[in-house]
Number of protein chains: 2
Amino acid sequence: MTFETEFTAPNMQQHPPGTSIRVLVVDDHPPMRVGLVALIRSQPGMDVVAEASDGERAIELYDELRPDIVLMDLRMPGIGGVEAIQVIRKKHPDARIIVLSTYDLDEDIHRAMQSGARSYLLKDMSIEEIASTIRGVFAGGAVLPPSVADRLNERAEREQLTERERDVLESLIKGRSNKEIASSLCISEDTVKSHLKTLFSKLHVRDRTGAAVEAIRHGIVHIK
Amino acid sequence: MTFETEFTAPNMQQHPPGTSIRVLVVDDHPPMRVGLVALIRSQPGMDVVAEASDGERAIELYDELRPDIVLMDLRMPGIGGVEAIQVIRKKHPDARIIVLSTYDLDEDIHRAMQSGARSYLLKDMSIEEIASTIRGVFAGGAVLPPSVADRLNERAEREQLTERERDVLESLIKGRSNKEIASSLCISEDTVKSHLKTLFSKLHVRDRTGAAVEAIRHGIVHIK
DNA sequence: GTGCCTCTCACCCGTTCGGGGGAAAATCGC
DNA sequence: GCGATTTTCCCCCGAACGGGTGAGAGGCAC
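Residues numbered from 1 in each chain as written. Chains lettered and ligands numbered in written order. Predicted model: local features only at pLDDT ≥ 70, side-chain atom pairs only at ≥ 80, totals over all residues. Heavy atoms only, no water.

### Side note on the overall build of chain A
Then, in step 1: When helices and strands are tallied, chain A shows 10 helices and five strands.
Then, in step 2: Within chain A, the proportion of its 224 residues that are buried is 55%.
Then, in step 3: The long-range fraction of contacts in chain A, counting pairs at least 24 apart against all pairs at least 6 apart in sequence, stands at 67%.
Then, in step 4: Summed over all atoms, the accessible surface of chain A reaches about 9,800 Å², with 48% contributed by carbon and sulfur. (Helix = DSSP H or I, 4+ residues; strand = E, 2+ residues; numbered from the N terminus. Buried < 20%, exposed > 50% of the residue type's maximum accessible area, 1.4 Å probe, protein only. Contact = heavy atoms within 4.5 Å. Areas by Shrake-Rupley, 256 points an atom, 1.4 Å probe, with all protein chains shown as cover.)

### Side note on the protein's contact with DNA strand C
Then, in step 1: In the vicinity of DNA strand C, 19 residues are found, and the nearest of them are Thr162(A), Ser188(A), Thr191(A), Lys193(B) and Lys197(B).
Then, in step 2: For DNA strand C, the fraction of protein-proximal atoms (within 4 Å) that sit in sugar or phosphate groups is 62%.
Then, in step 3: Interatomic distance of 3.3 Å between a backbone N/O atom of Asn178(B) and a phosphate oxygen of DNA strand C.
Then, in step 4: A distance of 2.6 Å separates a base oxygen of DNA strand C from a polar side-chain atom of Lys197(B).
Then, in step 5: Where the surface near DNA strand C is concerned, the elements lending two or more residues are helix H7 (163-173) and helix H9 (189-203) of chain A together with helix H8 (178-185) and helix H9 (189-203) of chain B.
Then, in step 6: The element contributing the most residues to the surface near DNA strand C is H9(A), with five residues.
Then, in step 7: Split into classes, the residues belonging to the surface near DNA strand C amount to two nonpolar, seven polar and 10 charged. (Near = heavy atom within 4 Å. Polar contact = N/O pair within 3.5 Å; in protein donor to acceptor, adjacent residues only side chain to side chain. Nonpolar A, V, L, I, M, F, W, Y, C, P; charged D, E, K, R; others polar.)

### A look at the interface of chain B and chain A
How big an interface is tends to be reported as the loss of accessible area on association of its parts.
Then, in step 1: Opposite the 34 residues of chain B that make contact, chain A presents 34 residues.
Then, in step 2: Where chain B packs against chain A, one counts two salt bridges.
Then, in step 3: Of all the secondary structure elements, the ones that give two or more residues to the side of chain B that touches chain A are helix H1 (30-41), helix H5 (127-138), helix H7 (163-173) and helix H10 (208-217) of chain B.
Then, in step 4: When residues in the side of chain B that touches chain A are grouped by element, the largest group, eight residues, is from H1(B).
Then, in step 5: Grouping the amino acids of the side of chain B that touches chain A by side-chain chemistry returns 18 nonpolar, seven polar and nine charged. (Salt bridge = Lys/Arg side-chain N within 4 Å of Asp/Glu carboxyl O.)

These results come straight from atomic positions and should not be treated as a statement about function.
Structural data, given as structure tokens:
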């Protein structure tokens, strides 16, 4: 699986005169919402039709308004961005959703893209990049800025964890010993150690502490 | 050390007609800067005199413009917010700086306040809270919204780590064994174990993995 | 079927880790 | 100077951990 890098130039798509790209903005930070709305309204041929501060409201507003583009933050209270994307795309497979995240947590990028997001932007990008990505996605493509495509591919090249390995990892981060992980997952301690061995080699670490740090660093497991 | 909660009502301070509260906005995320600027400009008696996207530029601009208020993000590339606050306050002890952070990482709150920030805001706060805090700090007080004061006090009640303990903790998070930590800090392995014992009890964990997770969770040590 | 992967479990063995003590310097505030 | 804190080091010891190796059961693909 490789992500393409067809980054579009600004204004590549001329929309019909009189109509605008209708955007739904979803972010839990009020000043960020103000910024995104101002940014979009300042662009010719673009308008904000609604704002939401969580995933649940975003789903409602999508159903109601059918915007052309959704600009979706990932980490939000309640229903997060990834889940909201899944719900929206299930009902509306043609929904065009662009993920906008603070972190370059590769695991979240991956989950969002697999859930059907068309593009992924980081908040440290310029307003030009953001605007041109909206135009590009509206024009129909899965538009990714080069830097993001690189990160996605880097993530894709990383070794995948199995479901069970993830379970062990989560349990480990809760501070449990091998014995406790075993009983919480209803398997033997030897099996836990077996999973840990493959886990260490996949994450390129040599002990549980390294595994915990690496998992948190890459957003494989969320704490907080 | 206890932080007071004298949260001010909006518009508590009437500034002289004709003059405005001159604000410097510092944040590395372009859309967030747009939002903060729009938010401030929309408030009567407030204006943005400049924007910066990193600590270094913020320091330059403060020297040049002497704004009434600095709205400062903490996590930025290059010189971070805490260091920028320290530099500015050293030259200008009367500088009024408000920290604006995405995370409620208690350790960063604490460092920023100890470096001389007058108040601390989180990005999930409303534009009303942000505006009224700017007015309050301009009026002269150290204004903290109640929720933030709570978090600060919670942090203050937590047990303090000594410098050496912090060194050991950082080294631990780099994935080092006790022996490696010892040689990297030029002390004996027994000393490392001794520090770890007190570290575990202060952080209320029982092993190095728990210590690593807890340190990252509370922002005591930054990864990434 | 044959292969591949995942999940499960087992045994051995050396190392590391963490808890329990104790204690001597150095630093700092009062 | 005196007490508190910090930093340094030491000992003992059992439990936990991690590496090596092997292997059976189940699922899926070709």
